Amino acid sequence: AEEFAWELSRLGYHDLAARFMGSQLRANEERFGDKSEEVAQTRLALGEFFLRCGEWAKAEVALSKSLEQIKLKHGAK
């Protein structure tokens, strides 16, 4: 899913790619639970996507939530 979204973005479909990644995030939340490793990784990819698109505020939200989840799961190190 992530590779597909990156390809959409590369072709200039940034909004569609962001919606697709958001859908993938919601699907992973439903499947694995909102505090799962899979959701944290998906949110991390979403944050990276927003960084590459220059959407700093959205990137900050996604990345900080992802890091928070990872710290809870694995500790601060």
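Refer to the structure above for everything that follows.
In this report, the structure presented in the accompanying data block is examined. Just so it is clear, the structure is predicted and the values come from calculations on it, not from any experiment. (Residues numbered from 1 in each chain as written. Predicted model: local features only at pLDDT ≥ 70, side-chain atom pairs only at ≥ 80, totals over all residues. Heavy atoms only, no water.)

Close contact between helix 3 (residues 37-52) and helix 4 (residues 56-74) brings their axes to 8 Å; oriented N to C, the two are set at 155°. It follows from the interaxial angle that helix 3 and helix 4 lie roughly antiparallel. Both helix 3 and helix 4 take part in a crossing whose hand is left-handed. On helix 4, the residues touching E37, V39, A40, Q41, R43, L44, L46, G47, E48, F50 and L51 of helix 3 are W56, K58, A59, A62, L63, K65, S66, Q69, I70, K73 and H74. Looking at side-chain class alone, the contact of helix 3 with helix 4 contains eleven nonpolar, five polar and six charged residues. (Axes fitted to C-alpha atoms, helices over the stretch in contact; angles between N-to-C directions. Helix = DSSP H or I, 4+ residues; strand = E, 2+ residues; numbered from the N terminus. Parallel < 35°, antiparallel > 145°, perpendicular 65-115°, else oblique. Left-handed = near helix turned anticlockwise from the far one by under 90°. Contact = heavy atoms within 4.5 Å. Nonpolar A, V, L, I, M, F, W, Y, C, P; charged D, E, K, R; others polar.)

Further remarks concern the packing of helix 1 (residues 2-10) against helix 3. Following both chains from N to C, one finds helix 1 and helix 3 inclined at 10°, their axes separated by 11 Å at the closest point. Between helix 1 and helix 3, the angle is such that the two are roughly parallel. Together, E2, W6 and S9 of helix 1 and A45, E48, F49 and R52 of helix 3 make up the contact between the two elements. A per-class count over the contact of helix 1 with helix 3 returns three nonpolar, one polar and three charged.

Another aspect to go through is the environment of D34. Counting through the fold element by element, D34 comes out in the loop between helix 2 (14-32) and helix 3. Along the chain, D34 and Q69 lie 35 residues apart, while their C-alpha atoms are 9.1 Å from each other. Setting aside residues up to four positions removed in sequence, D34 forms contacts with E29, V39 and Q69.

Side chains of L11, Y13 and L16 sit close together on the surface and give an oily, nonpolar patch of about 300 Å² of accessible area. For L16, the location among the structural elements is in helix 2. (Patch = residues over 30% accessible without salt bridge, like charges linked within 9 Å, V, L, I, M, F, W, Y side chains within 5 Å. Areas by Shrake-Rupley, 256 points an atom, 1.4 Å probe, with all protein chains shown as cover. Salt bridge = Lys/Arg side-chain N within 4 Å of Asp/Glu carboxyl O.)

Nothing here speaks to function; it is all geometry.
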